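The lines below spell out each chain.
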Amino acid sequence: MQKKVMDALQQGLGAVELCRQGDKIFWTGDVGKAAALYTRAFGSHAGSTMAHMRSLDKSCLDQVISGLEAWLDGHEVAQSSMEGLNKGLAAVFLSTLCPNNVSASLYKMESVLLGTGQGSNEIFARCSALLEGKRTPHPEGPMRLILELTRALACLLSEPSNHKGPRLYLRAFLGNRSETVRLVKGRQVEHVPRIVKAFFEQMSHKFPILHAGCKLERTTNCTQKPDELSPLESVEFLVAISPENILVRELQAAVLFSLSKFEESAETLSLALRLAESSDTKSNLDLAAQGMAPERKASLLVARAAAYFSTGGRAKEACSDLGEGFAVHPATARLQFQRLFSESGAGVAARVQLRQQAERGLSGFRETVLVRPDLRSSEGLELLDPVIAQLRALCHLEPDGGGRELRVRLADCLLLRGEFREALSISSQLAAAVPTQQSYQNTVQVLRGFARLLCEDHKGALEDFQAVIEHNAPHPSSCVRALCGRGLLRMMAGSHYLTALDYVTASRLQHQDTALTARCLVPWNYRGLLCTVLLEQGRAMLEEVGEQSNSSGSSTDQDPQLSNHQPSTQTKESYGINKEGMAVGVHALAVLLMELQPGVDAAQILAADALYKLDRIEEAYRLLLCMEHSSPRSPVLIRLALLQLHRGFLYDANQLLKKLIQCGDTSCLRPLLSVAALKDKALLEKHCHNASKRILDSQHEESAIREAVAYLSIAIMASGGEAVDSLLERARCYALLGQRKTAIFDFTAILKEHPDHVQALCGRGFTYLMLNQQKESTQDILAALQVDVEKVTRSILSLKDTARKLICEWLQQHCRASLSAVLSTSPAPCREECLREAFLTSGALMKTDCRDPRWHLLYIDTLLARGEVKAAGVHLRQVFGKEPRDAAAQARWGVVESWQQKYRLAAKCLSVVSEKEPLVLDFLLALMQTQQRRRLAQAASQEASGVSESGQWERALALLTVAVQAVGGTKLQHLRQRAACLAHLGLHERAVSDLDHIIRSHSPDSSEEPAVLAEDLCRRGRSLLLCSRDELALHDFSQALELHLEQALLCVDAGPGRPRLAEVFLRFALQHYGEQQLDKAWYLIESGLKVDSSHIELRRLRARVKREVSGSCIVH
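Okay, so let's go over this structure. (Residues numbered from 1 in each chain as written. Predicted model: local features only at pLDDT ≥ 70, side-chain atom pairs only at ≥ 80, totals over all residues. Heavy atoms only, no water.)

### What to know about the overall build of the protein
When its secondary structure is counted, the protein shows 59 helices and 0 strands. Burial analysis of the protein (1116 residues in total) assigns 49% to the buried set. Expressed as a percentage of contacts within the protein between residues at least 6 apart in sequence, the contacts between residues at least 24 apart total 62%. For the protein, the accessible surface area stands at approximately 53,500 Å², while carbon and sulfur atoms represent 51% of it. (Helix = DSSP H or I, 4+ residues; strand = E, 2+ residues; numbered from the N terminus. Buried < 20%, exposed > 50% of the residue type's maximum accessible area, 1.4 Å probe, protein only. Contact = heavy atoms within 4.5 Å. Areas by Shrake-Rupley, 256 points an atom, 1.4 Å probe, with all protein chains shown as cover.)

### A word on helix α15 (residues 262-278)
End to end, α15 covers 24 Å across 17 residues, agreeing with the expected 24 Å (1.5 Å per residue, within 8%). Within α15, burial applies to F262, S265, A266, T268, L269, S270, A272, L273 and L275. (Expected span 1.5 Å × (residues − 1).)

### Concerning the nonpolar core
Counting 233 residues, the largest nonpolar core has Y503, L657, L684, L910 and L936 as the members making the most contacts within it. With 11 residues, the top contributor of residues to this core is helix α37 (residues 702-718). Each residue touching Y503, except ones within four places of it in the same chain, is listed here: C484, G487, L488, T514, V522, L530, L534, L589 and L592. In this structure, I999, A1014, L1024 and L1078 belong to the second largest nonpolar core, which totals 34 residues. (Core = buried A, V, L, I, M, F, W, Y, C linked by side-chain atoms within 4.5 Å.)

### Description of the packing of helix α19 (residues 346-370) against helix α27 (residues 511-520)
Two numbers describe how α19 lies on α27: the axes approach to 10 Å, and their chain directions differ by 80 degrees. Classified by the angle between their axes, α19 and α27 sit roughly perpendicular to one another. Residues F365, R366, V369 and L370 of α19 form the contact with α27, whose participating residues are Q512, A515, L516, R519 and C520. In terms of residue class, the contact of α19 with α27 is built from 6 nonpolar, 1 polar and 2 charged. (Axes fitted to C-alpha atoms, helices over the stretch in contact; angles between N-to-C directions. Parallel < 35°, antiparallel > 145°, perpendicular 65-115°, else oblique. Nonpolar A, V, L, I, M, F, W, Y, C, P; charged D, E, K, R; others polar.)

### Re the side chain of S726
One can find S726 in helix α38 (residues 724-736). A relative accessible area of 2% means that S726 is categorised as buried. In this structure the side chain of S726 is engaged in a polar contact, spanning 2.8 Å, whose partner is the side chain of H689. Not counting residues within four places of it along the chain, the set of residues in contact with S726 comprises H689, L712, A715 and I716. (Polar contact = N/O pair within 3.5 Å; in protein donor to acceptor, adjacent residues only side chain to side chain.)

### Brief notes about empty space enclosed by the protein
Considering all chains together, one arrives at 4 cavities of 30 Å³ or more under this definition. Volume-wise, the second largest cavity comes out at about 50 Å³. In terms of lining, the second largest cavity is formed by A608, D609, Y612, L624, R639, L642, L643 and L672. Breaking the lining of the second largest cavity down by element, the ones donating at least two residues are α31 (601-613) and α33 (634-647). Of the residues belonging to the lining of the second largest cavity, the class tally is 6 nonpolar, no polar and 2 charged. (1 Å grid on protein atoms, 1.4 Å probe; cavity = no way out; pocket = protein on both sides within 12 Å on 5 of 7 lines; lining within 4 Å. Points joined across faces, edges and corners; volume = space filled by probe spheres on them.)

What follows is the structure in structure tokens.
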């Protein structure tokens, strides 16, 4: 108890201190802060505070009371001073200071109403008493308005369904609009949803747009019942206190609609719908209770549609709302539609508008699709959503769920949108209808076909497409779609030609529908491939037309092998395809591709080519001219050039060809030339060939030659590779540019078709000459000589000296080689056909340079090989004189003499070349017959014997060589003679060679052979010794001593002599002895002792060897 007393005393002391502080602040003029301190003091100890307050004078107390009233009334000035204080405490403090204070009473009543709401009737009565002046002081100004609003709130809370509460609010609002709105928002903000709800419930039954059980009454009664609320004023009040409340906006829209302010009503409904989508505040928590989810939204959308229809000129928005409303909740939307469009003709007009808007939307979609920049794009699909919604709305409005035509259109839109499964369901239902109801059957089958295709049912899709195409009277648009669908399936199966055929047919029927089908119904991942296939097949068809027109003389019975499932000629005839129809179809296909791929040049070029084939030259020219300005590429330039040639504008054609050559791309010629007419190709060939000639005649720089090559290439391609003059000229240009292998390729191309073309043969031969390929060059020149000697001769003379001499040398070498080959197989005289090439070659060589003796000698040799000795002698005398000084000419004269059986003279003449040019001698001997050669050898041998006796050993050697070669070395006597002559001249190596041949030719059965062989061995041994080949020489002498000792010793005496030979035997015997080759040493010692038995050193060496041999045989 004492503790409580102490606490009370402390609280009292604290309150007194707060009051003192309040007094200080009060006297500074801040009444608000002073009142706040007094209130805190009152909360701490009421008694002390009240005692202190009574001690103040009346004016001070009135100012404190005024400050507390201002704070409770919500004045902004007082709010900052009273921050942190409880208004309830302030109200108690104020009522204690001033009993029956209105501000304190109002706060208490508002607090009660803000709580459970109980006691609303008492509050209503108290407010009424205050307002009616039953109590003092009588409230005036803002205080009175606050009391009116509090009384209205109390009435509304006590009886929500009574009109009295809303009327009180309206009375206050009409009395002071702005202040009423401010006070409601400030002091009754928590009760605003209840206020709105009360107004809505009491007014909504009067507006069919909000009430489900009433019919629409667009005119209101001019007389208003006394207890009814004014709709317009009520809406103004509600909008002012809660502008973002959806119920308020719905009620406002209903009021405006009832007043025939349809445009404003539609705007208000739009605002309500936007608030419904974005609002999540407490003021909209009652929205779910009003059914705002799909049902309420559908109702509002249909209501806005009705407002739009009533406005006029807003049919598009109205139809969009109807579609969306039926999409949100069909049942609610249908009921709302029946309520709002129940007037005569309104529902029918709405349905008509829905149909029209759906058609417009579909048309807009088609236009958008047709101008898509990207073929694979899905741009514009969103345009179908309102169309589908409107069509569905129409189906819901129809009593039987929509007629057949409406459902067909819905299935079409669904298929375009990509909802192919739903489209398949609808089209299947329509297709299964009884025969009496099968209108639009073609369209239904096409829709089902595409839906099946997208569902991967290719077989069923093909059946549907085929049924439409084969129908007796197909619908054009449906037939076009069916052709496109079947073409797509054929492309998937790899039948590209048939695919193109279907699209050609479709394009010729209805071009725009074909483009729309390709852009919409063909899957996006197949569109690029489809365009590529159509482009390739269109080009192939056009090229085939060109081949047919350019090969009028070819046989029609041929059966070309067509790849890629392309039908044969007979199959095409069965399809009814002809040349003109094919070109027209390709043009239609090209126009389709131009629409599908606007930025692709290939489609425009195909269209230009098709126009060209249709002889629509001016149209093709204009199309290509437009392309040249946008993209001057080579395919466009060459086509423009060809068309200008066709039109006769040669200058323009030449300028275009120059641009083409500057581009450096002539690969574009092939597709053009495959469709070009023969006449135009001939014009192009001639023009380009002449242009190249002008360039080459006037300029010789490398750049000019390259430009000429470009022109010639175009000419060659225009001729199909058959322009011989252009090929020849280009080959020469390539040779000038150093591209010799390329030049050879062009020459070869000419020779494939014209093997006897002299200029091509010479050109290739001269090119091989530059590549130093002797064999190939010679063969080409010889082939040309077989055709025309004069042309070849002129061509050879046109060469530079070095090249001319080299080619002539190669020709001579080849001719001599061929002559030798002929003589080796058939002896002279040879047949004329074997020597024809030699005669031609020698004749051409003599014409190129008649002063060169080699060419005359070649001709003489050819005459001798033919056996025309007299002619050869005559030509020999004419060229070299009667007594030629030239060794080669003298040798040929020897051949002539041998044919005249003057063998001694022949031998003398042939001996001139026997030692210096043995190969020439062999060749010349081959020009004689066998008997002539034998007699020649005999005469040469005799002549050699005669001259050798006079010491003319060199001349004798030459004659003996003739003798040996004439009989082919088979006569040993001639070889012995020559070996002896060679040994006498000191030519021991050659003598050894001849003796080798002689020794190998000895027969072992002859009785005279040992002595002769021993003599030959000794002669060879002597020559070997003189060649410093001692060991081989000792071997020959040893063999000779064994064969015939007596003959051998005679030869030794005539040769090196016995002492010298014995010394050689001793030297090599000692060498072998030193190497302990006792057997070889013993053999040499014995041979040496046969030569000189008295040789002391040899005897000593033999004894030493004998001792060593016998010492090694001691028996232990």
